[in-house]
Amino acid sequence: MLFKECYKIIANRYILTFIFFLFACNTFLLIYQAQKESEYYTPNEYKQIYQQIEGDTPTEALETITAEYNRLQGYEYLYMGEVDKDLFSSLGYEADILLNDYQHSKYYNDYNSLADDLVLYRTICEEISLLTDYEGYLESIDIKAQQMTRTNLFAEKDSFSYRNIAKTPTDFSGLKNLQLTVSPSLGVKTATEFPVTDVLIVLITLTSVMILISREKEQGVLSLMHTTPNGRAKLGFYKVFACMFIGALSVIILYGMNLIIAHRLYGLGDLSRYIQSVAFMNGSCWKIDVRTYLIFFVLSKILAVWSVSALFCLISVISRSTAKCFGFVALVLGVFFSLFYFIPADSVFSIFKYINPIAFFQTFDLYAVYQNRNIFGQPVSALYVFLFGAICIFIVATVLSIILFAKMNVIPLSKKRLHSFNIFKGTHTSLFAHECYKALIGSKIVFVLLCIIVVRVVCTKPITVYMTPDEIYYNQYIQSVEGVYTEEKEVYISSEQQRLNNLQSDYINELQNADGNTTIFIIMKYQDLLAPKNAVDQLAEHASYLKDKHNSEFIDDRGLKKLTGGDQGNQAPIYLALIVTAFVIICMSEIFGVEYRSQMNNLIETSYGKRKHILSKLIIALILVICVYLAVYLPYYNQIFDAYSSNGLNAPAYSMEHLSNYSISVKNYFLMKNIVRVFGFIIQVITIYFLSRKIRNNVTVIVLSCFIFIVPLLLMLLGIDGSRFMLLNPIIADF
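The text that follows walks through the structure, step by step, so that each part is easy to find.

## A look at the side chain of Ser-316
Here is step 1: Along the polypeptide, Ser-316 turns up in helix α14 (residues 290-318).
Here is step 2: Of the residues examined, Ser-316 reaches a relative accessible area of 1% and is grouped as buried.
Here is step 3: Polar contacts involving the side chain of Ser-316 include one to the side chain of Ser-214, which spans 2.6 Å.
Here is step 4: Residue contacts for Ser-316: discarding those within four places in its chain leaves Val-209, Ile-213, Ser-214, Lys-217 and Cys-325.

Dropping the structure here:
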């Protein structure tokens, strides 16, 4: 039965193609990310240097790399025209000899190559220094623990902080006198810390759950299977076990591919070395080698996938349709995501932060970083918390899934109360009215929309604006010159900048002539006087930009940048796009696919009815997209306008540097941006419509839609280079 359940997944050519495509995407993105890891050197250059020092002790390797780094530094000084012989002597070289070497080196006419190699050798020096200084690092842990437990802040012996500090030296006591080995570190990190792989594994697991449970429930297959001797608990067990098997197989294949790629790019080094030899795992308290770590990592990742897979199975068994299953999964993951990212680590509710499927996938940190969790005031190793939480969720969700699967009613019962509710009084033959009822009431979309509106209104809180001293001064200056750029304002800014430059010159002169007793007083005297200098310099730079723009204005653009894509660190547009996209996938797959489940499309789609039927659905979809867009985005816009000034809406858009090519007003650009974003969501609707007509299977449509629309947004959220230009991301997330 296990083989037959697994065969159902690979028998679907769309799903099989989709899974292989995910494998290809994982490979491409990992290589791309590795190439972009550093703009100064390639993985092969990093690998070759470690091959040159292979077999050396950390001290010998550090001496070799430091000597080469000093030589490159000497080349840089020569390029800059430095002639101080003492400076070259401090690097261990004679100036004349070094100059001769420099003139015959590849760097003589290629400073960019010299600068890149300096970064490369500095990086490797820092990695090897962690090995040579490891014993000192362990000693510092003991010293810091003694110092911190004596301070008043951590003196309360019953507190988590005191217990955690006191526990740290004990956990590291077994690591003294470790023989660390010089080997490349980036290979291990690249292979085991790539969040895109986790996203793809979860997507494959969710796909298998929907195919094995949700789709068969929708198609009515389970109503026949439930009548057979093995069609209840035994069938439920094998379905759940098949999902687990697919999840584990995905982990092994994808992370196996990651290891192969990382080995080819950077090299994994000596697998028998302790993980403390890996620069990024130097702070680990686990006395295991790299080979053991890789095995434990894969097993831990499989356990995390099993816990999530069991939750998906439970949700799928409870849900009556594929769209509802996907909606509940999105809701549950959203709740877990919020708990993980918004509950502080020292909160009394931190147990919900860490016994959480989102936290379970932080597997690299479990072994690479020393972490204790606050469990009722007691410091407990993060690894033990993970094992306990993942095993508990896995067992409970699996048992409940099998029990509920055996007892579930596969023949849907009529709901008289729901069907008796009629928003259209009297009898009618309006196709549009029937489609509205079928979508809004029959498919419960109106309730989903109402839930989104309520959640957005209730959960949207006022933004607290935090500003650095420089930002406060800059904002004050902007308010003083707000409005159209004029020569008077230019003169004011220049005079203010000159005044502060003179103050800085006076400050430097007084410091040079001061003795040791008066230095502190001079610093205190000028500290407040020179505080606005950075803000004025920034304002002068902005004024020089506005000078060449006709009718440009000084505006407070803090809020407007968030609304027009000028704040690159603002991730709110990505979260909002995810909410709308999830709604579109859930609801549109239901609207366009509902007839295919019962084969009603063969009756409805006559030559006349087909056109009118499709048009009615598309109009309803368009109205729903606009409604959910307003429900999701309006509270966010209200937040921004409440927290920041909106005085610059009528100013030319080119008054802000990031909109230098737009001659329309900020308000018109903002409206255009929203229209284009809505158009992007309409493209999603049309894509789902064509997928539904071609595939005629809700599960496959939802899975493919997730990959096309959700995965690029998640990659953008994870900060993967280039993801902001994937598919619809430039339109719906930001542009």
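Still more to cover.
## A few points about the packing of helix α1 (residues 2-10) against helix α13 (residues 233-265)
Here is step 1: Closest axis-to-axis distance for the α1/α13 pair is 9 Å, and the angle between their directions is 55°. It follows that α1 is oblique to α13 by the angle criterion. Pair α1 / α13 crosses with right-handed handedness. For the pair formed by α1 and α13, the contact residues are Leu-2, Glu-5, Cys-6, Lys-8 and Ile-9 on the first element and Leu-235, Tyr-238, Lys-239, Phe-241, Ala-242, Phe-245 and Ile-246 on the second.
Here is step 2: A breakdown of the residues in the contact of α1 with α13 according to their chemical character gives 9 nonpolar, no polar and 3 charged.

## Side note on the pattern of salt bridges
Here is step 1: Counted according to the given criterion, the structure contains 15 salt bridges.
Here is step 2: One salt bridge connects Glu-435 with Lys-617, and the closest N-O pair in it is separated by 3.1 Å. You can see Glu-435 sitting in helix α21 (residues 431-442) and its partner Lys-617 sitting in helix α30 (residues 607-643), a full 182 residues away along the chain. As far as the burial class goes, Glu-435 and Lys-617 line up, both buried.
Here is step 3: Salt-bridge contacts for Lys-562 lead to Asp-567; the nearest nitrogen and oxygen are separated by 2.9 Å.
Here is step 4: Judged by its relative accessible area of 25%, Asp-567 is partly exposed.
Here is step 5: Residues joined by salt bridges that share partners form a network here, namely Glu-435, Lys-438 and Lys-617.

## Digging into the packing of aromatic side chains
Here is step 1: Applying the stated criterion to the full structure yields 34 aromatic pairs.
Here is step 2: Residues Phe-641 and Phe-670 carry aromatic rings whose centres are separated by 6.4 Å and whose planes lie at 85° to one another, so their mutual orientation is edge-to-face. Of this pair, Phe-641 sits in helix α30 while Phe-670 sits in helix α31 (residues 666-695); the two residues are 29 residues apart in sequence, bridging distant segments of the chain.
Here is step 3: Here the aromatic cluster, defined as three or more aromatic residues joined through ring pairs, consists of Tyr-629, Tyr-633, Tyr-636, Tyr-637, Phe-641, Phe-670 and Phe-681.

## Remarks on the pairing of strand β1 (residues 372-375)
Here is step 1: Every second residue of β1 is oriented toward a common face, with Asn-372 and Asn-374 on one face and Arg-373 and Ile-375 on the other, all of them buried.
Here is step 2: In terms of strand pairing, β1 meets strand β2 (residues 378-381) through 4 bridges, oriented antiparallel. Paired with Asn-372 across the two strands is Ser-381, which belongs to β2.
Here is step 3: Linkage of β1 to β2, two consecutive antiparallel strands, is achieved through a turn of 2 residues, within which Phe-376 is found at a positive phi near 55°.

## Remarks on the nonpolar core
Here is step 1: Grouped together as the largest cluster of nonpolar side chains are 181 residues, with contacts concentrated most on Ile-128, Met-281, Tyr-293, Met-588 and Tyr-633.
Here is step 2: The leading source of residues in this core is α14, at 15 residues.
Here is step 3: Contacts of Met-588, omitting those with residues within four sequence positions, involve Phe-583, Gly-593, Ala-621, Leu-624, Val-625, Val-685 and Ile-688.

## What about the environment of Gly-483?
Here is step 1: With respect to the secondary-structure elements, Gly-483 resides in strand β3 (residues 483-484).
Here is step 2: Spatially, the C-alpha atom of Gly-483 lies 9.8 Å from that of Asp-556, the residues being 73 residues apart in sequence.

## Observations regarding the environment of Glu-218
Here is step 1: Counting through the fold element by element, Glu-218 comes out in helix α11 (residues 195-219).
Here is step 2: For Glu-218, a relative accessible area of 17% puts it in the buried group.
Here is step 3: Expressed as a C-alpha distance, the spacing of Glu-218 and Asn-697, which sit 479 residues apart in the sequence, is 9.9 Å.

## Considerations on the packing of helix α24 (residues 487-513) against helix α26 (residues 533-546)
Geometry of a packed helix pair, given as the angle between the helix axes and the separation of the axes.
Here is step 1: At a minimum axis distance of 10 Å, the contact between α24 and α26 shows a crossing angle of 145°. Note on packing geometry: the crossing formed by α24 with α26 is left-handed. Between α24 and α26, the contacting residues are Ile-493, Glu-496, Gln-497, Leu-500, Asn-501 and Gln-504 on the first element and Lys-533, Val-536, Asp-537, Leu-539, Ala-540 and Ala-543 on the second.
Here is step 2: Grouping the constituent residues of the contact of α24 with α26 by class yields 6 nonpolar, 3 polar and 3 charged.

## Examining unusual backbone geometry
The general pattern is negative phi for most residues beyond glycine and trans for most peptide bonds.
Here is step 1: Positive phi is not limited to glycine here, since Asn-177 has a value of about 65°.
Here is step 2: For Asn-177, a relative accessible area of 62% corresponds to the exposed category.
Here is step 3: Look at Leu-727: it is not a glycine, yet its phi comes out positive at around 45°.
Here is step 4: The class for Leu-727 is exposed, based on a relative accessible area of 59%.

Thresholds, definitions, all that
Residues numbered from 1 in each chain as written. Predicted model: local features only at pLDDT ≥ 70, side-chain atom pairs only at ≥ 80, totals over all residues. Heavy atoms only, no water. Helix = DSSP H or I, 4+ residues; strand = E, 2+ residues; numbered from the N terminus. Buried < 20%, exposed > 50% of the residue type's maximum accessible area, 1.4 Å probe, protein only. Polar contact = N/O pair within 3.5 Å; in protein donor to acceptor, adjacent residues only side chain to side chain. Contact = heavy atoms within 4.5 Å. Axes fitted to C-alpha atoms, helices over the stretch in contact; angles between N-to-C directions. Parallel < 35°, antiparallel > 145°, perpendicular 65-115°, else oblique. Left-handed = near helix turned anticlockwise from the far one by under 90°. Nonpolar A, V, L, I, M, F, W, Y, C, P; charged D, E, K, R; others polar. Salt bridge = Lys/Arg side-chain N within 4 Å of Asp/Glu carboxyl O. Phe/Tyr/Trp six-rings, centres within 6.5 Å; stacked < 30°, edge-to-face > 60°. Pairing = 2+ DSSP bridges. Core = buried A, V, L, I, M, F, W, Y, C linked by side-chain atoms within 4.5 Å.

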